[in-house]
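An overview of the molecular structure
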There are 2 protein chains.
Amino acid sequence: MAVPASLRQDLGDVPILDDPGSLRMRSRDFFWFSPILKETLEDKRADIVVVPRDKADVMRVAAACARQRVPLTVRGGGTGNYGQAVPLAGGVVLDVTRLDQVIWHRPGAGRFGAGGRMLDIDRALIPAGHELRFYPSTRQHATIGGFVAGGAAGAGSCTWGQIADPGAVLAVEVVTVEERPRVIELRGRDVLKVMHAYGVNGIITEVEVPLAPSHPWCERIATFSSLSAAARFAHAFTECDGIAKKLVTVHDPQVVPYLRRLAPYAEPGRAMAIIMVSEPQAEALELLVADHGGEVTFRRAAEDARKVAFAEASGLQPLYEFTWNHTTLHAIRIDSTITYLQLRFPPANNLELVDWVAARFHGEVLLHLEFQRRFGKVTCSSLPLVRYTSAARLEAVMAELDGKGVAVSNPHTFILDNAGWKRVDAPQAEFKRLADPHGLMNPGKLKHWQEHKIEAIA
Amino acid sequence: MAVPASLRQDLGDVPILDDPGSLRMRSRDFFWFSPILKETLEDKRADIVVVPRDKADVMRVAAACARQRVPLTVRGGGTGNYGQAVPLAGGVVLDVTRLDQVIWHRPGAGRFGAGGRMLDIDRALIPAGHELRFYPSTRQHATIGGFVAGGAAGAGSCTWGQIADPGAVLAVEVVTVEERPRVIELRGRDVLKVMHAYGVNGIITEVEVPLAPSHPWCERIATFSSLSAAARFAHAFTECDGIAKKLVTVHDPQVVPYLRRLAPYAEPGRAMAIIMVSEPQAEALELLVADHGGEVTFRRAAEDARKVAFAEASGLQPLYEFTWNHTTLHAIRIDSTITYLQLRFPPANNLELVDWVAARFHGEVLLHLEFQRRFGKVTCSSLPLVRYTSAARLEAVMAELDGKGVAVSNPHTFILDNAGWKRVDAPQAEFKRLADPHGLMNPGKLKHWQEHKIEAIA
């Protein structure tokens, strides 16, 4: 659809982009990690991109879209992998990246504009000795609002669990898409109404989160004779309550060749662990590596790691950029037939299941493991690389994994309902009726909700 | 024994106390929590107390004792419960409390004189935004050296585990008791050589530990209909990885009346939970309390709690002084027939076993639970109050608990070997041969070691 001229009029002086390059770039995210999504989403385009400078601008956009019944899609850093920020029905893309104020912070908590990039937030917090508890591997570009709306875990999850855990987000401010937009503050459990809702039920404008007092995180790479040995080490290390840690990743020997810049730090055939640990405790970490027959092959001091992350020094990029779904990015650059899956291993028998997956799908599903705490227990998740052959085969693999007790979240769908948000009675859907009464927020993203709504209307 | 005059000569100007009051006070700790230890240890006395001003003084004392073959017992804050600081064979008591320098600290770690009291160390760290990870309920008097030598866990263990966990102590400096004393630095796992060794294998002079960046810890009391309900809440809360916490204690309804100053905050018959939580997350805590049918009856802001702890304000003492073994102190003041035990519940079925103990020994073993992480899992330990009848009955209770899978550490023995240090080939014993070749450090404390030594000589 083309947007009506009256919409532009309603937008007043809110900054707008409508050149083809901007429209293309700001209608995309990393959905192309999936060959299935790539086919479906490649051509979706916004008709206009708005870049509000402040909350008043946001409300003006929301009012205009509601009045003119124009679809509205919210966009953060565009680092999602499921087309979260792709405008399925065109219309307006609202880019929140200029809503990047540090609103306040005090020991243990801070409040930030939704468009603040997570690296920039951490930079602003350095003088206070605090930091965000989590960040995705896309820390440099991802926004805090986008992380709450479309993310789940990342570096930090080995200590703090996931972003949807109790207490992990203190409050979210949302602007509704109505002729007279309202500003709604969701606190406590009410934040779940908009978490992982891909921005379809209100425009997140501010996020309040607990902060972690920061440790000096140094980096280590260790190699092991097998995935199994590396996984056992990583599990044991994550269970060391007394060692402060930020990141515990394990790569199967088949994954390592895709991480070219790390090649000097692993002999062929070795599994690799990537660790961020509080610097004074690196010695305790290294003892545990040795216990598990591993070898430390790379060491970077906390201050050097920090400088590289904050672009104050050049050199090998921060190691977290070789973990989580950045792994897929590195692999696809080398082999475009690679895609990925999302798995979660149950704490009770995660190591046994890791061994099983590695053996059962050798050469096809290449595991890398992200160790984390889940509800007080240590386990691992994985975004394994997959050597893709067909959608049918991918479905078969997922079904077999699921049958064996490995939890699968399908990353090859842009329909939110299919990817974990499966119940229409979830608080997100209910809140959507309130925050987006005209159903303008990225229509097409919520299959069941729309059917339900149509039913209710009919 | 009386110390030889030549010892005093050898001590030079090292400060000495030998008045009867000082000798009595500095030959005691809180062993009288145990009716059994009380009988045995009540009359033990040092002949002389030395109070070294620095490491040179320590070495002078060590050399003098070695030369004159005079028994030497090291003493920190005297807050132990097993007679750790009681000189079984008289001789010299070495009081380390003037070795209280903050040697250095940087983000994530610090090094302290062994005699630094834990509250004073935390006070010194406030400007840096750091704190000790753990402290016992005796934080005000306990020294860091004493905690490493004779402690185990405390406030902080719900997050950081125990003091003997991997990485929890970075280094310990020890002075040997020889004619020419050596200064030995133990790092990494070598620290285990002197941990929980009750000071019998070297004089700990400095301790280096990882520090936690500090949160604003506010205090809450919540009450529940039963011990079981409170324990289920506390377990679930401790499993909330996303809520930063310092203390999670649960008191059986039968314990609460002994905590008189907390009486206003619990209706009779209610179980009580005492919590220290990062202030911005108190809201998330309170939601969980409500989920478990509990009621928050006391709230103190972090800044107010801090001021009371550091004696900058008056009022109800810090809540951690109603937890761990302070509970026993409060109870004995009211009923001198009370004593206690030390239990650890296995993570797999801790809550079931708590219910079993409470039912099986109702009226005799009154549980209070300290929730903590142990090797990556959540569980609880307990220092239950016991209505004492006889030593034989106490043995029978311990045997029954042990048989059911509740781990018992007997706190009614002053023999270190009986209380967990059971193997003569443990690293502590081996290190004793090196650090105390003449066997002068509190002789009588190590039964098996002495038998073994005599054998080796014969």
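Numbering of residues begins from 1 in every chain and follows the order in which that chain's sequence is written. Chains and ligands are labelled by the order in which they are written, letters from A for the one and numbers from 1 for the other. Given that this is a predicted model, residues contribute local features only at a pLDDT of at least 70 and side-chain atom pairs are listed and counted only at 80 or more, while totals for whole chains, interfaces and linings are drawn from all residues. Derived side-chain values reflect all non-hydrogen atoms in the structure, with water molecules and hydrogen atoms excluded from consideration.

Listed by partner, the interface residues are 41 residues for chain B and 41 residues for chain A. Of all residues in chain B, Arg189, Asp241 and Pro280 of chain B give up the largest surface area on contact with chain A, accounting jointly for 19% of the area buried on that side. When a carboxyl oxygen of Asp or Glu is within 4 Å of a side-chain nitrogen of Lys or Arg, the pair counts as a salt bridge. Our count for the contact surface shared by chain B and chain A stands at six salt bridges. One salt bridge in this structure joins Glu283 of chain A and Arg187 of chain B, with 3.5 Å as the shortest N-O distance. Polar contacts, as counted here, are pairs of nitrogen or oxygen atoms within 3.5 Å of one another; within protein the pair requires one atom able to donate a hydrogen and one able to accept it, and residues that are adjacent in sequence qualify only if both atoms are side-chain atoms. In this structure, the connection of chain B to chain A is made through 16 residue pairs in polar contact (both at pLDDT 80 or more). The way it works is that DSSP assigns letters per residue, a run of H or I at least four long becomes a helix, a run of E at least two long becomes a strand, and they are numbered from the N terminus. When contributions to the side of chain B that touches chain A are tallied by element, the ones reaching two or more residues are helix 7 (157-160), strand 10 (203-213), helix 9 (282-291), strand 18 (368-374) and strand 19 (377-382) of chain B. Every residue pair with non-hydrogen atoms within 4.5 Å of one another is taken to be in contact. Two parts placed together each lose some accessible area; with a 1.4 Å probe, that loss summed over both constitutes the buried area.

Bringing the sheet that holds strand 14 (residues 295-300) of chain B into the picture now. In sheet architecture, strand pairing relies on hydrogen bonds along the backbone and comes in two forms, parallel and antiparallel. All names here are of chain B. Two strands pair under a simple rule: DSSP has to find at least two bridges between them. Pairing is antiparallel in the open sheet, where eight strands are placed in the order 14-11-13-12-18-19-16-21. The sheet terminates laterally at strand 14 and strand 21 (407-409), the two strands that pair on one side only. Averaged over neighbouring strand pairs, the angle between their axes works out to 25° when direction is ignored. Sheet topology places strand 11 (residues 217-224) next to strand 14; five bridges connect them, and they run antiparallel. Bridging across to strand 14, Ile221 finds its partner in Phe298. With axes taken as lines fitted to C-alpha atoms, and helix axes fitted only over the stretch in contact, angles between N-to-C directions fall between 0 and 180 degrees.

Next up on the list: the relation of the copies chain B and chain A. The atoms used to superpose the copies are C-alpha atoms, taken from residues with pLDDT of at least 70 in both, and the fit is least squares. Once chain B is rotated about the relating axis by 180° and shifted along it by 0.0 Å, it coincides with chain A to within an RMSD of 0.0 Å. Expressed as a symmetry operation, the mapping of one chain copy onto the other fits a two-fold axis. Taking the C-alpha atom as reference, chain B places Pro213 of chain B closest to the rotation axis, 2.5 Å from it. Looking at chain B, 100% of its interface residues are interface residues in chain A too, so the copies touch through the same face.

Attention now goes to the packing of helix 8 (residues 227-238) of chain A against helix 12 (residues 350-360) of chain A. Residue and element names in this part refer to chain A. The N-to-C vectors of helix 8 and helix 12 enclose an angle of 160°; their axes lie 10 Å apart at closest approach. Taken together, helix 8 and helix 12 sit at an angle that is classed as roughly antiparallel. Taken as a pair, helix 8 and helix 12 cross one another with a handedness that is right-handed. Listed contacts from helix 12 to Leu227, Ser228, Ala231, Arg232 and His235 of helix 8 are Asn350, Leu351, Glu352, Val354, Asp355 and Ala358. Note on residue categories: nonpolar means Ala, Val, Leu, Ile, Met, Phe, Trp, Tyr, Cys or Pro, charged means Asp, Glu, Lys or Arg, and polar means any other residue, Gly included. In terms of residue class, the contact of helix 8 with helix 12 is built from five nonpolar, three polar and three charged. Orientation is classified from the angle alone, with under 35 degrees giving roughly parallel, over 145 giving roughly antiparallel, 65 to 115 giving roughly perpendicular, and any other angle giving oblique. Put simply, a crossing is left-handed when the front helix is turned counterclockwise from the back one by less than a right angle, and right-handed when it is turned clockwise.

Our next topic: the packing of helix 8 (residues 227-238) of chain B against helix 9 of chain B. All names here are of chain B. Following both chains from N to C, one finds helix 8 and helix 9 inclined at 145°, their axes separated by 10 Å at the closest point. The chirality of how helix 8 crosses helix 9 is right-handed. Residue-level inspection shows Phe233, Ala236 and Phe237 of helix 8 in contact with helix 9, the latter providing Leu285, Leu288 and Val289. Within the contact of helix 8 with helix 9, the residues separate by chemical class into six nonpolar, no polar and no charged.

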